[in-house]
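# Structural description and commentary
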Amino acid sequence: MAADVDPAYVDPFGVDPEQAHDVARWRRAERARLAGLRERLGRAGRAQVSDRIGQHLERVLGDRGVRRGCVLSGYWPIKGEPDLRPALAGLHRAGVTIALPVVETRAAPLVFRRWTPGTKVVRGDWNIPVPPPEADVLTPDIALAPCLGWDGACFRLGWGGGYFDLTLAVLVPRPVTIGVALSGARLHTIFPQPHDIPLDLILTEDGVAATRTGI
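Predicted, not measured: the structure shown is a model, and the values here were computed from it. (Residues numbered from 1 in each chain as written. Predicted model: local features only at pLDDT ≥ 70, side-chain atom pairs only at ≥ 80, totals over all residues. Heavy atoms only, no water.)

### A closer look at the packing of aromatic side chains
Heads up, the condition is: Whether two aromatic rings pair depends on their centres lying within 6.5 Å, for rings of Phe, Tyr and Trp, where Trp uses its six-membered ring; planes under 30 degrees apart make the pair stacked, over 60 edge-to-face, and the rest tilted. Only runs of H or I of at least four residues qualify as helices and only runs of E of at least two qualify as strands under DSSP, and these elements are numbered from the N terminus. Burial classes follow relative accessibility: with a 1.4 Å probe on protein chains only, a residue under 20% of its type's maximum area counts as buried, one over 50% as exposed, and anything between as partly exposed.
Tallied over the entire structure, the rule returns 2 aromatic pairs. Ring plane angle 90° and centroid distance 5.0 Å describe the contact between W26 and F191, whose orientation is recorded as edge-to-face. Of this pair, W26 sits in helix α1 (residues 17–63) while F191 sits in the loop between β11 (186–187) and β12 (201–204), and the two are 165 residues apart along the sequence. A relative accessible area of 42% means that F191 is categorised as partly exposed.

### What to know about the sheet that holds strand β9 (residues 156–157)
Strand pairing within a sheet occurs via backbone hydrogen bonds; the two strands may be parallel or antiparallel. Put simply, the rule reads: Strands are treated as partners if at least two bridges between them are detected by DSSP.
A sheet is described by the order of its strands in space; here 3 strands give the open sequence β9-β8-β11, paired in mixed fashion. Looking at strand neighbours, the two that pair on one side only are β9 and β11, the edges of this open sheet. Bridging between strand β8 (residues 149–151) and β9 involves 2 bridges; their strand directions are antiparallel. Within β9, the position partnered with G149 by the bridge is L157.

### Observations concerning the pairing of strand β2 (residues 97–102)
Applicable threshold: The handedness rule is simple: strands pointing away from the viewer, and a clockwise path from the first strand over the helix to the second, make the crossover right-handed.
Within β2, 5 of the 6 residues are buried, which leaves the element mostly enclosed by the surrounding structure. Bridge count for strand β1 (residues 71–73) against β2 is 3 bridges, and the pairing is parallel. Of the residues in β2, the one forming a bridge with L72 is I98. Taking the sense of rotation as the criterion, the β-α-β connection linking β1, helix α2 (residues 85–93) and β2 turns out right-handed. Direction of pairing for β2 relative to strand β3 (residues 111–115): antiparallel, over a ladder of 5 bridges. Bridge pairing in β3 links V102 to V111.

### Re the side chain of H56
Turning to its location among the elements, H56 is positioned in helix α1. By relative accessible area, which is 18% here, H56 ends up buried.

### Comments concerning the confidence of the model for the protein
Filter applied, for reference: Scored from 0 to 100, pLDDT records how confident the predictor is in each individual residue. We call two residues in contact when some of their heavy atoms are within 4.5 Å.
Mean pLDDT for the protein: 91, with 92% of residues reaching 70 or above. Confidence over residues 1–14 falls short of pLDDT 50; this stretch has 28 contacts with residues more than four positions distant or in other chains.

### Topic: the pattern of salt bridges
Applied cut-off: Within this document, salt bridges are pairs made up of a side-chain nitrogen of Lys or Arg and a carboxyl oxygen of Asp or Glu, the two lying within 4 Å of each other.
Within the structure shown, the criterion is met by 10 salt bridges. Close ionic contact of R113 with E104 constitutes a salt bridge, the shortest N to O distance being 2.6 Å. Judged by its relative accessible area of 10%, R113 is buried. Judged by relative accessible area, E104 falls into the partly exposed class, the value being 40%. The shortest N-O distance in the salt bridge between R174 and D200 comes to 3.5 Å. Separated by 26 residues along the polypeptide, R174 in the loop between α3 (163–168) and β10 (176–180) and D200 in the loop between β11 and β12 bring together distant segments of the chain.

Structure, rendered in structure tokens:
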């Protein structure tokens, strides 16, 4: 899992070690539970959820005035994540520029490279398909982030590598961030740590489930 890459990343700002350890242990247990939630949906259930989220995504982007030339970072689905590749393909046909995140340096911000439905992907970190090294590097205006879990403050629980938070901390201007999640994966809190950065909104199969205060 991504959490194995750099366990020290859990506490980069001097958080009380015992508290950080307790949160890390709780998050490991929640990741296993939430991954099981996805698994129990089955292939047909996950496909239905993906389709519904894709429809909601198109409406959200339309409401925000997303148009030709806008750069949207998606993701390649792994481990039962909602598969939004059909929606990304549709956005590409509509003139939106699509990128996918790539881990090019361990424990460093992500790089976003151009992707089209015809792109011949290669295997990147954790064997995730990514655009090839010659694909253009882009800066996203909007970034999708798959969530294992989420809370009402728009904090995201991912696989634990910390790459998305690390990237958001340095991206200027910051993109609009949309968490993609199951409605049943809502948590009371993820017990956010200093490195956790809230997303702008959470999108589930039921629509927009949470919006960050102040946007």
